[in-house]
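Next come the chains, spelled out residue by residue.
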Amino acid sequence: MTKPWDTTSEHLLRELAPQVLGAVARRFRDFSTAEDAVQEAMIAAFIQWPKEGIPDNPRGWLIQVAARRMTDQVRSEIARRERETAVAAETESLTSVPEIEADMDPDDTLILLFMCCHPALSPSSAIALTLRAVGGLTTAEIANAFLVPEATMAQRISRAKQTIKTSGTPFRLPSPHERAERLPAVLHVLYLIFSEGYASSIGSHLQRFDLAREAIRLTRNTKALLPDNAEVAGLLALMLLTDARRAARTGPDEELIPLDKQNRSLWDRLEISEGIELLTVALGRGSIGLYQLQAAIAAVHDEAGRAEDTDWPQILALYELLKRVSPGPMVTLNHAIAAAMVHGSAQGLQLLRALDSDPRLASHYRLDAVRAHLLEKTGDYEAAIKHYRVAAARTTSIPERNYLMTQAARLAGE
């Protein structure tokens, strides 16, 4: 018996993809080919499931299709080598779906995460590959996260897969030394997966709960693996403190509701409490890093009962520290917003000028959106309308575009 295809089915596929990849890679010991095989299985599901319904065991179905693709690859390789001795050895790995599922390990996805962050890869390539293999993001979504063209990102991912294949990395959790070496890239990947889930950069949905949930789950697993690491705890705290606002971020038609207009009674107090507890312990260990600082900023927002009660001077001080710890265009952008809230919109606008010459953000919609908001607060409605419209044209998120066009229409009406 099959289930009908509905709006949650695509999320199910994305959620199952890293599990299937972990199982197939574990069985066949070939990450690169397994990743290709799972992608083919996903494409087959996208084509067949809407017509035929979702199988009773969707994960098993995906494993079967991917394993068949791997089997064909093995047989092709055997034929190419023309070695009779290889036939017996290779065909032993052509295991049935139940055996592959029975061999699955709950840590398979975590192993994938650390495997993709191999030191042979550059940090940017490792992160891109992991977002593709573990996060299930499309090449376009990853390109958006890195602020680079899609074609550039496709080449980067392809080269990274080949490097992993050439390295012969075994499918296992790395040693403690290897974990420490790969951890910065792993945490960055988890942060980007969560960010894409919390505020989707492309498509008709503002949030993708499957990605956010998976990022939180993997971060919890990473914390269990490294319980005393303050930055891992800081990242988990940041995710929980941010995810706590999820229910209040959209209206009945999935329209975007900005932070200062949200119904704070909808915020998840249990997530907030857990996040603050994690952050307190992490800060008590004496080291202050990128994710702890961002978590501290999120905590200040979450602890304000009303938008007007937000301690913006504290947030500004935290962003100034964050600029020293981890400078970057998005940090500069958010620092300008905090400065505007404390010292006035004119100062915020002045700080934004430094980003106009930064190629990573100069044509990004968020720069125009923030500039439009600050111009509106100064009373320059004509310029604000212009930048709201430019931002709307540049974003690939439909809810973001609708919100920005609504703001422009509101000002034009006034």
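For the structure, see preceding data.
Here goes a summary of the coordinates provided.

Topic: the overall build of the protein chain
Here's step 1: If you tally the helices and strands in the protein chain, you get 20 helices and 2 strands.
Here's step 2: Out of the 414 residues in the protein chain, the part that is buried amounts to 51%.
Here's step 3: For the protein chain, the share of sequence-separated contacts (at least 6 apart) that also reach a separation of at least 24 residues comes to 66%.
Here's step 4: Summing over all exposed atoms, the protein chain offers an accessible surface of approximately 19,300 Å²; the carbon and sulfur share of this is 52%.

Notes on the side chain of Glu231
Here's step 1: Relative to the assigned elements, Glu231 resides in helix α12 (residues 230–243).
Here's step 2: No salt bridge is formed by the buried Glu231, whose closest oppositely charged neighbour, Arg285, lies at an N-O distance of 9.9 Å.
Here's step 3: Setting aside chain neighbours within four positions, we find Glu231 in contact with Leu187, Gly289, Leu290, Tyr291 and Gln292.

As for the environment of Asp309
Here's step 1: Within the secondary structure, Asp309 is located in the loop between α14 (290–303) and α15 (312–325).
Here's step 2: Exposure remark for Asp309: the relative accessible area of 40% places this residue in the partly exposed category.

Observations concerning the nonpolar core
Here's step 1: By size, the foremost hydrophobic cluster in this structure holds 96 residues, and its most contacted members are Phe31, Leu62, Leu129, Leu131 and Ile142.
Here's step 2: Top element by residues in this core is helix α10 (residues 176–198). It accounts for 10 residues.
Here's step 3: Excluding residues within four positions of it along the chain, Leu62 makes contact with Leu13, Leu16, Val20, Ala41, Met42, Ala45 and Trp49.

Points about the packing of helix α17 (residues 345–352) against helix α18 (residues 365–378)
Here's step 1: Closest axis-to-axis distance for the α17/α18 pair is 9 Å, and the angle between their directions is 150 degrees. Put simply, α17 runs roughly antiparallel to α18. The handedness of the crossing between α17 and α18 is left-handed. Across from Ser345, Ala346, Gly348, Leu349 and Leu352 in α17, the residues of α18 making contact are Leu367, Val370, Arg371, Leu374, Leu375, Lys377 and Thr378.

Considering the side chain of Gln207
Here's step 1: Summarising the element assignment, Gln207 is placed in the loop between β1 (202–203) and α11 (209–225).
Here's step 2: Overall, Gln207 belongs to the buried group, its relative accessible area being 6%.
Here's step 3: Of the polar contacts made by the side chain of Gln207, one reaches the backbone oxygen of Arg246; its length is 3.4 Å.
Here's step 4: Within the structure, Gln207 has its side chain in polar contact with the side chain of Arg249 (distance 3.3 Å).
Here's step 5: When sequence neighbours within four positions are dropped, the list of residues in contact with Gln207 reads Gly197, Tyr198, Arg246, Arg249, Thr250 and Glu254.

So, the packing of aromatic side chains
Here's step 1: Under the counting rule described, the total for this entry stands at 2 aromatic pairs.
Here's step 2: A ring pair is formed by Tyr191 and Tyr291, whose centres lie 5.8 Å apart and whose planes are at 50 degrees; its orientation type is tilted. With a gap of 100 residues between them, Tyr191 in helix α10 and Tyr291 in helix α14 connect regions that are remote in the sequence.
Here's step 3: A centroid spacing of 5.9 Å and a plane angle of 10 degrees characterise the contact between Phe194 and Tyr198, whose relative ring orientation is stacked. Of this pair, Phe194 and Tyr198 both sit in helix α10, 4 residues apart, roughly one helical turn.
Here's step 4: Over the aromatic face of Trp267 sits the side chain of Arg245, whose NZ or CZ is 5.9 Å from the ring centroid.

Quick notes on the rules
- Residues numbered from 1 in each chain as written.
- Predicted model: local features only at pLDDT ≥ 70, side-chain atom pairs only at ≥ 80, totals over all residues.
- Heavy atoms only, no water.
- Helix = DSSP H or I, 4+ residues; strand = E, 2+ residues; numbered from the N terminus.
- Buried < 20%, exposed > 50% of the residue type's maximum accessible area, 1.4 Å probe, protein only.
- Contact = heavy atoms within 4.5 Å.
- Areas by Shrake-Rupley, 256 points an atom, 1.4 Å probe, with all protein chains shown as cover.
- Lys, Arg positive; Asp, Glu negative; His and termini not counted.
- Salt bridge = Lys/Arg side-chain N within 4 Å of Asp/Glu carboxyl O.
- Core = buried A, V, L, I, M, F, W, Y, C linked by side-chain atoms within 4.5 Å.
- Axes fitted to C-alpha atoms, helices over the stretch in contact; angles between N-to-C directions.
- Parallel < 35°, antiparallel > 145°, perpendicular 65-115°, else oblique.
- Left-handed = near helix turned anticlockwise from the far one by under 90°.
- Polar contact = N/O pair within 3.5 Å; in protein donor to acceptor, adjacent residues only side chain to side chain.
- Phe/Tyr/Trp six-rings, centres within 6.5 Å; stacked < 30°, edge-to-face > 60°.
- Lys NZ or Arg CZ within 6 Å of the ring centre and 35° of its normal.

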